[in-house]
Amino acid sequence: DGMNVLFIVVDDLRPVLGCYGDKLVKSPNIDQLASRSIVFSNAYAQQAVCAPSRVSFLTGRRPDTTRLYDFYSYWRVHAGNYSTMPQYFKENGYVTLSVGKVFHPGVSSNYSDDYPYSWSIPPFHPSTEKYENDKTCRGKDGKHYANLVCPVNVTEMPGGTLPDIQSTEEAIHLLNVMKTNRQKFFLAVGYHKPHIPLRYPQEFLKLYPLENVTLAPDPWVPEKLPPVAYNPWTDIRQRDDVEALNVSFPYGPLPDDFQRQIRQSYYAAVSYLDVQVGLLLNALDNVGLSNNTIIVFTADHGWSLGEHGEWAKYSNFDVATRVPLMFYVPGMTTSSLSQGARIFPYLDPFSHIVGSAPQGKSKKVVELVSLFPTLAELTGLQVPPACPEMSFSVALCTEGKSIVHYFSVSEEKVKEGQEGCDDTDRCFDEEPVAFSQYPRPADTPQWNSDKPKLKDIRIMGYSMRTMDYRYTVWVQFDPDNFSANFEHVHAGELYMVETDPNQDYNIYNSTSHGWFFKKILG
């Protein structure tokens, strides 16, 4: 009778997880989910900032079609009345539920998280979310600050809790209600951490002694990086602890010891998140629904931790655009287990030592815009049709492609290009590509370079990532008619993955790139 869906989306989480090969992090519960899932190691967001990315993957349309590059418009009014993934499930008989940050709150989801279109009941937001940016971080002098690095004693926090703890409790409550009512559900749970401020229970610091935390492998601004590509991390500069360092704009750098503290707190916040995910999945076991619930785990984009002398998202680099993505599908990614067997026992990151490897791993390059058609196919719903070239007036279509055909192919055994195909798939002989983009107000870093408002956008960086390279062109953009002029290229970047995995050596100016340019136009 169709599977339930548990859709977990995390704010600003790059793949620093054990299941992605990170040796430092403690993420046993997410790793356990990965051990029963297909894990995509090359998954990319369409724009490395919250609202545009979320509206893109929730509608299955790219930012040029949602026309949302900032936070200040609602696609149904501003672009087209596009159906969303939860709306589609709702219209197909699912109870759709939203907990925490799923849509970006505010104008971009009509101040309602797109309720009632997308959700069966009004979305839940934790009551303590409103204290996120308050002065709740205790400084060395005993006073309270609004810091970037903010380990806290939870009992001293307003309400004695934190937003993600409240979201987990609400999601568990809803699972129990769904179990009792025997209703098919699509439950989306959006976690805030590791989004800044890095505010998490202080005990998680114990997992990461500072002497074990290194700097980024490339903490310098690359010599051949076009200035338009750089994001000056304005948001973290406004935090009390960063502001006190009086770092020069736009390139910094931050002092080494503080860089390590940020990295330490990011990791600690990830382990705090892992506990929440562990409690949630354990509750799915407890209500007996692990055998008929598909679980998706992903993030809206990554976050730079000092690579290229950058912090935060707001760029086209892999560190900002690459996300974790895994799908647990009972009977497909795991053989169906006997009733009552525990699939997701809770694992304590403070005592759990042994890591678990992913059940299946795909290196195929995939995009978040493909989530909508993929989940439709996995649940047996009709897959929304591919959008025509101009789709502003088409309510239901997708600019992503279902990636279910990547689930079962054992890539080790099959040579590239021998996966077999039928006419309907238009033969996936072309190598998969992920497209991302980022707007800028000017050719050089400005105070609004990270988050330019639509009216201030003058340049759009279109970026193309394949297995072998990342190619980006920064072109003239007119915000009045949403048009990019590829005849006016301001700057370009080309990085070869094999020889330059960290994207430090831009070879755009020393390579003929006509072929890449044709491909990005196509």
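Residues numbered from 1 in each chain as written. Predicted model: local features only at pLDDT ≥ 70, side-chain atom pairs only at ≥ 80, totals over all residues. Heavy atoms only, no water.

In the annotation of an unreviewed UniProt entry, the chain is listed under the name Iduronate 2-sulfatase and assigned to Menura novaehollandiae. On record in UniProt, under Sequence similarities (unreviewed entry), the comment for the chain is "Belongs to the sulfatase family." Listed in UniProt under the heading Subcellular location (unreviewed entry), the comment for the chain reads: "Lysosome". (UniProt positions renumbered as here; feature names shortened; annotations may be inferred.)

With that settled, the discussion passes to unusual backbone geometry. With an omega dihedral of 15°, the bond running from Lys 193 to Pro 194 counts as a cis peptide bond. Secondary-structure assignment places Pro 194 in the loop between strand S7 (185-191) and strand S8 (198-201). Here Phe 482, not a glycine, exhibits a phi torsion of approximately 55°, which is positive. Mapped onto the elements, Phe 482 comes out in the loop between strand S16 (469-478) and strand S17 (483-496). Classification of Phe 482 as buried rests on a relative accessible area of 18%. Non-glycine residue Gln 503 carries a positive phi angle of around 60°. On the secondary structure map, Gln 503 appears in the loop between S17 and helix H12 (514-521). Taking the relative accessible area as the measure of exposure, Gln 503 reaches 3% and is therefore buried. (Helix = DSSP H or I, 4+ residues; strand = E, 2+ residues; numbered from the N terminus. Buried < 20%, exposed > 50% of the residue type's maximum accessible area, 1.4 Å probe, protein only.)

Looking now at the nonpolar core. One finds Phe 7 and Phe 327 to be the most contacted residues of the largest nonpolar core, which totals 130 residues. With 15 residues, the single largest contributor to this core is helix H9 (residues 256-286). In this structure Phe 7 touches Phe 57, Met 85, Phe 186, Leu 187, Ala 188, Val 189, Val 296, Thr 298, Leu 371 and Leu 375, once residues within four positions along its chain are discounted. Core analysis: the next-biggest nonpolar cluster, separate from the first, contains 17 residues, Tyr 471, Phe 477, Phe 516 and Ile 520 among them. (Core = buried A, V, L, I, M, F, W, Y, C linked by side-chain atoms within 4.5 Å. Contact = heavy atoms within 4.5 Å.)

Per-residue pLDDT for the chain has a mean of 94; in total, 94% of the residues score no lower than 70. With pLDDT under 50 throughout, residues 411-429 is counted as low confidence; its partners more than four residues away or in other chains account for 15 contacts. (pLDDT = per-residue confidence, 0-100.)

Moving on: helix H11 (residues 371-378). Counting buried positions along H11 gives seven out of eight residues, so the element sits mostly inside the fold. Among all positions in H11, only Leu 371, Phe 372, Pro 373, Thr 374, Leu 375, Ala 376 and Leu 378 are buried. Positive backbone phi, at 80°, marks Gly 380, one or two positions downstream of H11.

Following the criterion strictly, the structure yields two disulfides and no others. Just so you know, Cys 50 is unpaired, no disulfide at all, and the nearest cysteine sulfur is the one on Cys 150, 18 Å from it. (Disulfide = S-S within 2.5 Å.)

Take the side chain of Ser 290 next. The topology assignment puts Ser 290 in the loop between H9 and strand S9 (293-299). According to the relative accessible area criterion, Ser 290 is buried, its value standing at 3%. Of the polar contacts made by the side chain of Ser 290, one reaches the side chain of Asp 285; its length is 2.5 Å. Residues in contact with Ser 290, not counting those within four places in the same chain, are Leu 284, Asp 285, Tyr 328, Pro 330, Ile 343 and Phe 344. (Polar contact = N/O pair within 3.5 Å; in protein donor to acceptor, adjacent residues only side chain to side chain.)

Looking at the secondary structure, you find Gln 264 in helix H9. Owing to a relative accessible area of 12%, Gln 264 belongs among the buried residues under this scheme. Taking C-alpha positions, Gln 264 is 7.4 Å from Leu 205, a pair spaced 59 residues apart along the chain.

Taking strand neighbours across the sheet as the criterion, the seven strands line up as S3-S7-S1-S9-S12-S2-S13 in an open arrangement whose pairing is mixed. A single partner strand is all that each edge strand has here, and the edge strands are strand S3 (95-100) and strand S13 (360-367). Along the sheet, successive strands turn relative to each other by an average axial angle of 15°, direction set aside. By the bridge criterion, four bridges tie S9 to strand S12 (residues 322-328) in an arrangement that is antiparallel. (Pairing = 2+ DSSP bridges. Axes fitted to C-alpha atoms, helices over the stretch in contact; angles between N-to-C directions.)

In contact at an axis separation of 9 Å, helix H6 (residues 163-181) and H9 are set at 10° when each is read in the N-to-C sense. On the basis of their axis angle, the class for H6 and H9 is roughly parallel. When H6 is examined against H9, the residues Asp 164, Ile 165, Thr 168, Ala 171, Ile 172 and Leu 175 are found in contact with a partner set consisting of Tyr 272, Gln 276, Leu 279, Leu 280, Ala 283 and Leu 284. A breakdown of the residues in the contact of H6 with H9 according to their chemical character gives nine nonpolar, two polar and one charged. (Parallel < 35°, antiparallel > 145°, perpendicular 65-115°, else oblique. Nonpolar A, V, L, I, M, F, W, Y, C, P; charged D, E, K, R; others polar.)

A few words now on the environment of Trp 474. Mapping Trp 474 onto the fold places it in strand S16. The spacing of Trp 474 and Val 275 is 199 residues in sequence and 40 Å in space, taken between C-alpha atoms.

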